[in-house]
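Here is what each chain is made of, one letter per residue.
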Amino acid sequence: MAIFNFQRPKWIPRWINIPLLIFVVFVAILLFVGDNSFMRSTEYRSQINELKSKIQSLEDSASTYEAKVNELNTDNEQLEHLVREKYGMKRINEEVYITDIP
């Protein structure tokens, strides 16, 4: 005595198994739909890798600037050279001539 008397509709071929079809649809939904889908996960992984490389490059540039700041704080000659060239400052009773001749 069977509780479920399921008859296959005529439009479903005999070789298709209903539980297998449900499983395939479920896997397809997992792969392509929602925030936890495979496609979205690979997109998130690529974004994470891009951001990690960006963070690494910014940390490298930050360490470079920190080294320059430390050098300027400790070496007065280097600081004076930077101030004279970049900002055009001069000592008292000193004349500076700036030319455009290459």
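This one's a predicted model, so the numbers in the text were calculated from it and none came from an experiment.

Trainee: Tell me about the overall build of the chain, residues and numbers included.
Mentor: Counting its secondary structure elements, the chain contains 3 helices and 0 strands. Relative to the globule expectation of 13 Å for 102 residues, the C-alpha radius of gyration of the chain, 35 Å, shows a markedly less compact shape. If one aligns the C-alpha atoms of the chain with their principal axes, the spans along those axes are about 115 × 35 × 15 Å. Going through the 102 residues of the chain one by one, you find that 2% of them count as buried.

Trainee: An account of the packing of helix α2 (residues 38–74) against helix α3 (residues 76–87) is requested, with residue identities and associated values reported.
Mentor: Packing of α2 against α3 brings their axes to within 5 Å, and their N-to-C directions diverge by 105 degrees. As far as their axial angle goes, α3 and α2 are roughly perpendicular. Residues Glu71, Leu72 and Thr74 of α2 form the contact with α3, whose participating residues are Asn76, Gln78, Leu79 and Leu82. Broken down by class, the residue content of the contact of α2 with α3 amounts to 3 nonpolar, 3 polar and 1 charged.

Trainee: Tell me what's going on with the confidence of the model for the chain, and back it up with residues and numbers.
Mentor: The predicted model of the chain has a mean per-residue pLDDT of 84, with 94% of residues at 70 or higher. Per-element confidence in the chain is highest for α2, whose mean pLDDT is 92, and lowest for helix α1 (residues 18–32), whose mean pLDDT is 84.

Trainee: So, the pattern of salt bridges: which residues are in play, and what are the values?
Mentor: Here the structure, examined in full by the defined rule, presents 3 salt bridges. Across the pair Arg84 and Glu80 runs a salt bridge whose closest N-O atoms are separated by 3.1 Å. Of this pair, Arg84 and Glu80 both sit in helix α3, 4 residues apart, which is roughly one turn of the helix. Judged by its relative accessible area of 30%, Glu80 is partly exposed. Notably, a salt bridge pairs Arg84 with Glu94, separated by 2.8 Å at the nearest N-O pair. Of this pair, Arg84 sits in helix α3 while Glu94 is found in the segment after α3, placing the two residues 10 residues apart along the sequence. Assessed through its relative accessible area of 27%, Arg84 is described here as partly exposed. Three or more residues joined by partner-sharing salt bridges are found here, namely Glu80, Arg84, Arg91 and Glu94.

Calculation notes
Residues numbered from 1 in each chain as written. Predicted model: local features only at pLDDT ≥ 70, side-chain atom pairs only at ≥ 80, totals over all residues. Heavy atoms only, no water. Helix = DSSP H or I, 4+ residues; strand = E, 2+ residues; numbered from the N terminus. Rg over C-alpha atoms; globule rule 2.2 N^0.38 Å. Buried < 20%, exposed > 50% of the residue type's maximum accessible area, 1.4 Å probe, protein only. Axes fitted to C-alpha atoms, helices over the stretch in contact; angles between N-to-C directions. Parallel < 35°, antiparallel > 145°, perpendicular 65-115°, else oblique. Contact = heavy atoms within 4.5 Å. Nonpolar A, V, L, I, M, F, W, Y, C, P; charged D, E, K, R; others polar. pLDDT = per-residue confidence, 0-100. Salt bridge = Lys/Arg side-chain N within 4 Å of Asp/Glu carboxyl O.

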